[in-house]
Amino acid sequence: MQLSRDDLLTAYRIMRTIREFEERLHVEFATGDIPGFVHLYAGEEASGVGVCMHLDDRDRIASTHRGHGHCIAKGCDVDGMMAEIYGRRDGLCAGKGGSMHIADLDKGMMGANGIVGGGPPLICGAGLAAKQLGTGGVAIAFVGDGGSNQGTTFESLNLASVWNLPCIFVIENNGYAESTSSKWSIACDDAADRASGFNMPGVVVDGHDFFAVHEAAGEAIKRAREGAGPSLLECKLNRYYGHFEGDAQTYRGQDEVKKLRESRDCLALFRENVTSAGLLEGAELDAIDREALAQIDGAVTKAKTAPPPTAADLLTDVYVTY
Amino acid sequence: MARTATYQQAINEALAQEMERDETVIVMGEDVAGGLGTDGERDAWGGPLGITKGLYGKYGDRVMDTPISESAFIGAAVGAATAGLRPVAELMFIDFMGVCFDQIFNQAAKFRYMFGGKAETPVVIRTMYGAGLRAAAQHSQCLYPVFTHIPGLKVVTPATPYDAKGLLIQAIRDNDPVIFCEHKALYTLEGDVPEEPYALPFGEANIVREGDDVSIVTLGRMVHVATEAADALSGDGIECEVVDLRTTSPMDEDTILETVENTGRLVVLDEAHPRCNMATDIAAMVCEKAFDSLKGPIKQVTAPHTPVPFADTLEDLYIPDAAAVQKAVKAVMESSK
Amino acid sequence: MSEGIRPICMPKWGLSMKEGKVAGWLVDEGDALAPGDEVIDIETEKISSAVEAADAGVLRRHVAQEGDVLPVGGLLGIVADEGVADGDIDAFVTDFQANFVPPEDDDEDSGPATETVEVAGRNIRYLTKGEGGTPAILIHGFGGDLNNWLFNHDALAARRVVHALDLPGHGSSAKDVGDGSVGFFADIVTGFADALGIEQAHLVGHSMGGAIALAVARAAPARVASITLIGSAGLGSDIDGDYLEGFIAAERRKDLKPHVEKLFSDPALVTRQLVNDLLAFKRIDGVTAALGTIREAFAPGGAQAEVMRDVAGSVPTLVIWGAGDRIIPASHADGLPDGVDCTVLDSQGHMVQMEAATEVNRLIDERLG
Ligand SMILES: Cc1ncc(C[n+]2csc(CCOP(=O)(O)OP(=O)(O)O)c2C)c(N)n1
Ligand SMILES: [Mg+2]
């Protein structure tokens, strides 16, 4: 799939925005201003962006507890996300959901999810709807390596296959579920090996490599749109922070993260790739870096001063009608 | 004199002492030790809040990390309990019951009855519940009423470190399936806890505070809210009797009826949603069995009929507080004969 | 401190007491007080009792009023001589209140702490108060612990060092009670004295603790300066076997309370907290088994196994009984050997050292000299 210059700039911009968003949250969380649990996606940007670059608003994604990157990649409003994470009334979910539940159904973002394994069944439904309604849309679940072991994931793989749904299961294998290694928790070598048991393609890609992800996802999505059924894509990647903010990460090796940041940074790899091939100028990317920084700065400033929800909001939106 | 320990230490100590006493006791759950298969520290977590930390060092392979597969490992704990082990499985948040509920309510709960009294299923499912940590709608619920609804399950909701240790030891020794619900906002609470092992029987409510004017029947974290309200009301000359259920199944009806006979006035306080919760259950029971003792209508103080909101402003409004309890007590005083 | 002005403060009864409530004044402002007079009734979660006057004087001021809750050490009232001016008392009160700091919850220094010593391979917890003189050792009864001496320990410790211990199987001591016999416990008490380097001691025993004191006096009379036997076992075979059985068997508040009420002449003293504390003790692993072992050895079939009336009087002996004792009948005090001092207190029960603490303390203190 050919990427235009604009596509490349867009891909870089979104990845950089996610990185900036997460790095900033890491800093802000430490000040104690952000309530609840926050799971950062920094390090994994190439996966969410490589996949979502192929999608438009008729396509749906279901995310995980580590959902900020998927939201941004699927076009959610960054200011609205930041406000949500701060628990503000004008947050994307009116301050009622928070980091673990950001959603924007108009954008096809079906929600981050507090329940590991919550997403895969939902995309079977979204895929079914797209198929029945003939929208041409596809449905994609992002699943962690940990989530790949959840019964709901296995059941959904089978269901998507027997119903021949336009679904893609993207397993983001970052090596850990909380403190437990995926090398231990997944009984086969690669989570992708499981695909054959469900009679669908299973592909492993380097999840730090935007181009690899983009290409593999493109094939799976094309297949789904053409009615050829579901696929499984396993992206091997890494997270730069703890499981959640506050995780001491004593289970990780010495300097593990430092080395990863030096050698397996999807943004650095992307920059290297496009500049050495002469596709983009370093200065263009620098400009995007500055713009992303400014955008996140603005989002944080707005979020901090935005009004919180009030008592009147507590009882609304439990039902459509009651 | 008893030594002071936190709710969290009390739970860890109960597990350690029972593992020491009985080698059929095993602990399992996601990251209950942690660090499995990694290059770093083993026992890196002890669960997300470190509650089980240190057990792995003492009991090794009897502390089992699991993949994120609640249906399978909770079910495995249930099955193992029918086959000679006494598993204590950790369901990290009570909200995750949805993933594994069948193994609990259709399997564990029903074996004894369905099999004509032949089965024993001594499994404990430890799980954290409750609002207050800004953990939002899928990590903050008070779902003990759901378990209480199911015949065959015992349901425990300790409010203090002392009760947490004694009730957990009882839960492990008990031969029925027990859902052991730990309020996440209580883990750091300190209290007197004997160092020796002791078991606290199920079905005995605790009279936390005596008073002759109004009974407040409650459980879990709300016991402390009730006590706070009662202390404040005492200044206004209203003496409340605070009863902590300790276990919702079995439920100590006698103590509830006695306190209502003593005061004639009842406020039931429950952090769960208002429909089909402990408050409605107790109010109904009292109406049926002690109607003549009542001097006026019962008041229920509960969370509203909404999911748990994320924003701190909303969550603070959501959780019943001492002011709400005081208001209810005063209303009960005013509306009674 | 102003000349001749003495504060009456909230006492600390037992290790865990943090505050108390004024149940009522027993003397009016202006009344003269003699040492030992009961001045004010205090209630705590666990127990109710009266505070006694420490010295003679006039009760000049009720500072705390009925219903007030004060921390330990808080100012209840003022005793002063007649000549002290009201203004001086006002100034004293103002000054006291301004400087009073209630003890911190976790303040380890707020009272003497218990200690532990190993005797015959078992950890024995004890509490020491006072200093000098011939030491006294307080020995509680079946199912009790050192807190049974709550109202006696301080008073007796004014003139000598007084140790109260938890017997094996009780309180916070080890739960291994050997064969559970009185002889076993007597060896423990002797071993306890050895461990503390006590050559000779006054033994003060309540109930089964009295039988233990008798057994020590029988086995090692040289180690015993005197024995005080309160509602004591070992002086006859009668004992309420149902009490022993019921106390052991009761697993819940409701089952235990009626048994515990038998101990007191005033059942209102059996507070919720008292019953809870007993239950907390009984629920500790090994306690029920230990109590069962003791009962089998001490009172098999509901009758005391060992009667040691002949030992009474072989060392200086004081016997105190509540006339209405429902556990061990006061009739066991009748016809004891010559030289045994005997006081039977009207309308008192088995826990006479708690319910009539002032009188019991006076009798013991006189006796120990
Ligand atoms: C049903 C369920 N079980 C357990 C959890 C607790 N939990 C949240 S995230 C997580 C680890 C998820 O690991 P993985 O799927 O690899 O995603 P990652 O955090 O690495 O992105 C666990 C166990 C949960 N939220 N839901
Ligand atoms: Mg992972």
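Residues numbered from 1 in each chain as written. Chains lettered and ligands numbered in written order. Predicted model: local features only at pLDDT ≥ 70, side-chain atom pairs only at ≥ 80, totals over all residues. Heavy atoms only, no water.

Novice: Could you clarify how one ought to interpret the overall build of chain A in this entry?
Specialist: On a plain count of helices and strands, chain A comes out with 12 helices and 7 strands. A compact globule built from 322 residues should have a C-alpha radius of gyration of about 20 Å, and chain A, at 19 Å, falls within 12% of that. For the C-alpha atoms alone, the extent of chain A along its principal axes is close to 60 × 50 × 40 Å. Per-residue burial over chain A gives 58% buried out of 322 residues. (Helix = DSSP H or I, 4+ residues; strand = E, 2+ residues; numbered from the N terminus. Rg over C-alpha atoms; globule rule 2.2 N^0.38 Å. Buried < 20%, exposed > 50% of the residue type's maximum accessible area, 1.4 Å probe, protein only.)

Novice: Sorry, what's going on with unusual backbone geometry here?
Specialist: Generally, phi is negative for residues other than glycine and the peptide bonds are trans, each holding for most cases. Residues and elements named next belong to chain B. Of note, the bond from serine 249 into proline 250 is cis; its omega dihedral lies within 30 degrees of zero at 0°. Position of proline 250 among the secondary structure elements: in the loop between strand E12 (247–249) and helix H9 (253–263). A positive phi is found at aspartate 31, a non-glycine position, where the angle reads about 60°. A residue is classified by how much of its surface remains accessible, and aspartate 31, at 3% relative accessible area, is buried.

Novice: Even after reading the chapter, I still don't get the pattern of salt bridges, so can you show me in this structure?
Specialist: All names here are of chain A. Within the structure shown, the criterion is met by 62 salt bridges over all chains. The salt bridge partner of arginine 13 is glutamate 291, with a shortest N-O separation of 2.7 Å. Linking arginine 13 in helix H1 (residues 5–30) with glutamate 291 in helix H11 (residues 282–305), this pair joins segments that are 278 residues apart in sequence. Notably, a salt bridge pairs lysine 222 with glutamate 226, separated by 3.4 Å at the nearest N-O pair. Take lysine 222: its relative accessible area is 48%, and that puts it in the partly exposed class. A single salt-bridge network, built from bridges that share partners, covers Arg16, Arg271, Asp286 and Asp289. (Salt bridge = Lys/Arg side-chain N within 4 Å of Asp/Glu carboxyl O.)

Novice: Teacher, can you tell me more about the domain arrangement of chain B here?
Specialist: It is common to give the size of an interface as the accessible area that goes away when the parts come together. Residue and element names in this part refer to chain B. In terms of domain boundaries, chain B breaks down into domain 1 (4–192) and domain 2 (206–335). Using C-alpha coordinates to define each centre, domain 1 is positioned 27 Å away from domain 2. Domain 1 puts 27 residues into the contact, and the matching count from domain 2 is 27 residues. When domain 1 packs against domain 2, close to 2,100 Å² is buried across both sides, 57% of that on carbon and sulfur atoms. On the domain 1 side of the interface with domain 2, the three residues burying the most area are Arg134, Tyr144 and Thr157, jointly 26% of the side's total. Remark: the boundary between domain 1 and domain 2 carries 3 salt bridges. In this structure, glutamate 315 and arginine 134 form a salt bridge, with 2.9 Å as the shortest nitrogen-oxygen distance. The interface formed by domain 1 and domain 2 includes 15 residue pairs in polar contact (both at pLDDT 80 or more). Of the residues contributing to the side of domain 1 that touches domain 2, the split by class is 17 nonpolar, 7 polar and 3 charged. (Domains from an automatic or database assignment. Contact = heavy atoms within 4.5 Å. Buried area = accessible area lost by both parts, 1.4 Å probe. Polar contact = N/O pair within 3.5 Å; in protein donor to acceptor, adjacent residues only side chain to side chain. Nonpolar A, V, L, I, M, F, W, Y, C, P; charged D, E, K, R; others polar.)

Novice: I would appreciate a short explanation of helix H6 (residues 151–162) of chain A in the present structure.
Specialist: Residue and element names in this part refer to chain A. For H6, which comprises 12 residues, the first-to-last C-alpha distance of 17 Å matches the rise-based estimate of 16 Å (1.5 Å per residue) to within 8%. Elements in contact with the buried residues of H6: helix H5 (119–133), strand E2 (139–144), strand E3 (167–173) and strand E7 (231–236). Positive phi appears at asparagine 164, one or two residues downstream of H6, with a value of about 50°. (Expected span 1.5 Å × (residues − 1).)

Novice: Before we go on, may I ask you to explain the site of ligand 1 in this structure?
Specialist: Near ligand 1 you find 22 residues, and of these His65, Arg66, Gly114 and Gly147 of chain A together with Glu70 of chain B are the closest. The site occupied by ligand 1 is bordered by residues of chains A and B. Backbone polar atom of glycine 146 of chain A to an oxygen atom of ligand 1: 2.8 Å apart, as the coordinates give it. A distance of 2.8 Å separates an oxygen atom of ligand 1 from a polar backbone atom of glycine 147 of chain A. Protein coverage of the free-state accessible area of ligand 1, which is 580 Å², stands at 97%. Partitioned by chemical class, the residues of the shell around ligand 1 number 8 nonpolar, 9 polar and 5 charged. (Near = heavy atom within 4 Å. Areas by Shrake-Rupley, 256 points an atom, 1.4 Å probe, with all protein chains shown as cover.)

Novice: I tried to follow the coordination of the magnesium ion (ligand 2) on my own but got confused; where do I start?
Specialist: For a metal with four tetrahedral donors the ideal donor-metal-donor angle is 109.5 degrees, while six octahedral donors give ideal angles of 90 or 180 degrees. Residues and elements named next belong to chain A. Protein-derived ligands of the magnesium ion (ligand 2) are Asp145 (OD), Asn174 (OD1) and Tyr176 (O), with the metal-ligand distances lying across 2.0 to 2.1 Å. Each donor residue of the magnesium ion (ligand 2) belongs to the same chain, and together they define the spacing D-x28-N-x1-Y. Residue asparagine 174 shares its accessibility class with tyrosine 176, and that shared class is buried. (Donors = N, O, S within 2.8 Å, 3.2 Å for Na, K, Ca; no water.)

Novice: In this structure, what is going on with the nonpolar core? I would like to understand it.
Specialist: The nonpolar side chains of a soluble globular protein tend to be buried with one another. Ranked by size, the top nonpolar core spans 188 residues in total, and within it Ile282 and Val286 of chain B together with Leu76, Leu203 and Ile212 of chain C carry the most contacts. Not counting chain neighbours up to four residues away, the residues in contact with isoleucine 282 of chain B comprise Val217, Leu245, Met251, Ile256, Leu266 and Val268 of chain B. Residues Val78, Met82, Phe211 and Leu233 of chain A belong to the second largest nonpolar core, which totals 64 residues. (Core = buried A, V, L, I, M, F, W, Y, C linked by side-chain atoms within 4.5 Å.)

Novice: How should I be thinking about the interface of chain B and chain A in this particular structure?
Specialist: Each partner contributes to the interface: chain B provides 45 residues, whereas chain A provides 47 residues. In total, about 3,400 Å² of surface goes out of reach between chain B and chain A, with carbon and sulfur atoms giving 65% of it. Counting the surface chain B buries against chain A, the share from its top three residues, Trp45, Ile68 and Phe310 of chain B, is 21%. Joining chain B to chain A, the criterion identifies 0 salt bridges.

Novice: How should I be thinking about the sheet that holds strand E6 (residues 154–156) of chain B in this particular structure?
Specialist: To summarise the sheet geometry, strands pair through backbone hydrogen bonds and adopt either a parallel or an antiparallel arrangement. All names here are of chain B. The strand order across the open sheet built from 7 strands is E3-E2-E4-E5-E7-E6-E12, with neighbouring strands paired in mixed fashion. Across the chains shown, the open sheet's two edge strands, defined by having one partner strand only, are strand E3 (63–65) and E12. In this sheet, neighbouring strand axes are inclined to one another by 20° on average, regardless of whether the strands run parallel or antiparallel. Here strand E5 (residues 124–129) pairs with strand E7 (residues 178–183) via 6 bridges, running parallel. Looking at E7, one finds that threonine 127 is bridged to cysteine 181. Running over the sheet, helix H7 (residues 161–173) touches strand E2 (25–29), strand E4 (86–93), E5, E6, E7 and E12 and is turned about 160° from E7. (Pairing = 2+ DSSP bridges. Axes fitted to C-alpha atoms, helices over the stretch in contact; angles between N-to-C directions.)

Novice: Got a minute to help me understand the sheet that holds strand E1 (residues 5–9) of chain C in this structure?
Specialist: All names here are of chain C. If you trace the 4 strands from one edge of the open sheet to the other, you get E1-E8-E6-E3, paired in antiparallel fashion. Looking at which strands have only one partner, the edges of the open sheet turn out to be E1 and strand E3 (32–33). Bridge count between E3 and strand E6 (residues 57–62): 2 bridges; the pairing is antiparallel. The partner of leucine 33 across the bridge, within E6, is glycine 57. Across the sheet, helix H1 (residues 86–99) touches E1, E6 and strand E8 (75–80), and the angle it forms with E8 is around 150°.

Novice: I tried to follow the interface of chain B and chain C on my own but got confused; where do I start?
Specialist: Between chain B and chain C, the residue contacts involve 24 residues of the former and 15 residues of the latter. Inspection of the chain B/chain C interface yields 4 salt bridges. Aspartate 285 of chain C serves as the salt-bridge partner of arginine 173 of chain B, at 2.5 Å between the closest nitrogen and oxygen. Joining chain B to chain C, the criterion identifies 11 residue pairs in polar contact (both at pLDDT 80 or more). At the level of elements, H7, strand E9 (206–209) and H9 of chain B are the ones that each hand at least two residues to the side of chain B that touches chain C. Among the elements that make up the side of chain B that touches chain C, the one with the highest residue count is E9 of chain B (4 residues). Tallied by class, residues from the side of chain B that touches chain C come to 12 nonpolar, 3 polar and 9 charged.

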